[in-house]
Every structure is written in structure tokens, then in C-alpha cells.
Amino acid sequence: MDEKKKTAIQEIVDREIKNFMDTYETRYAGEVSDPDGVINSKKNNCFVAELGKEFMFYSAFVRSFDSSFGRVLEKIGNEIAKLSYDVRGNINSFLLPQQSQHMDYIILEYEKHRRPQVSDYCDFVCMIPEDTRSFERSHVTDHYFYNPAKKEHYLIELKAGGDLDNKKAKTEKLALLQEYFILKNFLLNKPDETIKLYFGTAYNKYGENSEWKQERVKQFFADEELLIGKDYWNFVCDDPEGFEIVFEQYRKSSRYINEALNRIKTLYFQ
């Protein structure tokens, strides 16, 4: 990776982590006198309070932090992607009944434990009517990247927390298939453009060098549709060193988190 791009990635990670903790610290500082605030609510729980100040603080803080931090990782990924891709928004086109029926058929086959394949949807064709106005659809997407050099469109469902509830795998794949066909219809007059679907996580819950074992998710996603942990960061950076660069900078920038945590604890437990 060239130094200019590396520096830009480092600046994005540092900026977003700092902004995140500045906002978080401001929120908790503003709740110090609020008896209904997140931390004060825990302080008033005599059963939790009996376990000590450290436990009380982190039991109140961590759950809220975890969900918010996932959104920060998503934002970092999208900001980094802008260095290599055209990051786009919602998809507006049409979706035909035949395509919806085919999606339902694919999902039903997966539920019968047929192994997913990209060709299941890429090879599907149907007659397109002259008037498609009654089938117009708009699909909200947070992670739609385009590589103009390769003429490739990437639709990604990202679970920044590194995990996907097994019960939601079916829903997530169906949503991606809807995005796929709506975008495919939008690109009807551009046959040389291709679309790729991905399910990604910000980290591998089993360890970055370990096999990702969420079999329920794999029931609905082909191996080539998965961007798990470092593969996701390498993808958004468009470089095989992406994950190492992102995480090395995060190690440095995480001081903002630790310093803010200590200041917040001091506010509540002087």
C-alpha cells in the first residue's frame, strides 16, 4: 500500500475513534446529576452496587458502548472504502414478481440444506415487460460500493459486532437478494457491469486466524459471499495489508477510549 493511502486510513481511524469518545464522554458527563441516567440507575441498584464500583460502572457502560461502537466501526469501514471505491446510497429501480418468486425458491432450497451458490441468483433471467412502473422499488442500503475500474458493484450486509443471530441469517440473505435484483434491473442497459453480494463482520468471533463456524449463516451464504474479520477490512481498504494497518492504528487510538473511561469513572465515583 502506498504511503498516502496508508496515512489517509490512519487518519480516518484516529479521527472517528476520537470523535466517538468525545461524544460519549459528553453524554455521560451530562448525566451525572440525572438519577435516571445509565450509570446512576445502576448505582441505585443495591444488588449491583454491592459488587463494587468497577463492576457497577462497567455493567452500566459496556452494553451501551458495545452497540454504539459497532456503528463506529461501520462508519470507519465506509469512510475507508471511499479511498478506493465509489460509495453509493439507496437503490432505485423495479422488482418483478418472477424475481421475488425466485428469491423465495432459493431461500426454501437453502432451508432444505442445499449449499448456497452465487449462480443461484446470477444465472436467473426472466422476461422484462416494457412498462415496469407498477413494480418500482427503492431499497435502503448502507454498504454499496462500486469499483469503476473493474465495473463491479458490491452490496454488503455488515454485522460490525462480529456476530449474526442465527434466526436473522435468512432475513439478511433475502434483503441482499432484493437489493441484487433491483440493482440488476437498474443496470439492464449495462451488461458488462457485475454485482457481488457479501455478508461481512468487523472481526472473527472465533479469532482472526481461526475458522468462522457460524453454520446457520453458512446455510444461507456461499463461502465466496463471506467477508469475515480481516477479510472485510482488506476488502474496504482494497489491499491485503488493510486489516493490519487499520488495527495497528486502532491500538494507538484506543488511548482515547481508555482515557475517557477513567475520566467518566472519576465523575461518578470520586
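The structure presented is a predicted model; accordingly, all values stated were derived computationally and were not measured.

Student: When you look at the pattern of salt bridges in this model, what are you seeing that I'm missing?
Tutor: Pairing between side chains of opposite charge can happen when the charged atoms of each approach one another. All chains considered together, the criterion is met by 23 salt bridges. D223 is the salt-bridge partner of R115, the closest N and O atoms lying 2.9 Å from each other. One end of the pair, R115, is in the loop between helix 5 (97-111) and helix 6 (119-122); the other, D223, is in the loop between helix 8 (215-218) and strand 7 (226-228), with 108 residues separating them in the sequence. According to the relative accessible area criterion, R115 is partly exposed, its value standing at 38%. With a shortest N-O distance of 3.6 Å, K159 and E157 are connected by a salt bridge.

Student: Is there a simple way to explain the packing of aromatic side chains in this structure?
Tutor: Geometrically, a pair of aromatic rings is defined through the distance of the ring centres and the angle of the planes. Applying the stated criterion across every chain, the model contains 23 aromatic pairs. With a centroid separation of 5.8 Å and an interplanar angle of 10°, the aromatic rings of F243 and F247 are classed as stacked. Here F243 and its partner F247 are both found in helix 10 (residues 242-253), four residues apart, which amounts to about one turn of the helix. For F243, a relative accessible area of 13% corresponds to the buried category. Taking 5.9 Å as the distance between ring centres and 35° as the angle between the ring planes, the aromatic pair formed by F247 and Y250 counts as tilted. Taken together, the residues F247 and Y250, both in helix 10 and three residues apart, mark about one turn of the helix. On the basis of relative accessible area, F247 is assigned to the partly exposed category, the value being 33%. The lysine or arginine in question, R27, covers the ring of Y24, its NZ or CZ lying 5.9 Å from the ring centre. Over the aromatic face of F221 sits the side chain of K173, whose NZ or CZ is 4.9 Å from the ring centroid.

Here is what the cut-offs are and how they apply
Residues numbered from 1 in each chain as written. Predicted model: local features only at pLDDT ≥ 70, side-chain atom pairs only at ≥ 80, totals over all residues. Heavy atoms only, no water. Salt bridge = Lys/Arg side-chain N within 4 Å of Asp/Glu carboxyl O. Helix = DSSP H or I, 4+ residues; strand = E, 2+ residues; numbered from the N terminus. Buried < 20%, exposed > 50% of the residue type's maximum accessible area, 1.4 Å probe, protein only. Phe/Tyr/Trp six-rings, centres within 6.5 Å; stacked < 30°, edge-to-face > 60°. Lys NZ or Arg CZ within 6 Å of the ring centre and 35° of its normal.

Coordinates in, geometry out; function isn't part of it.
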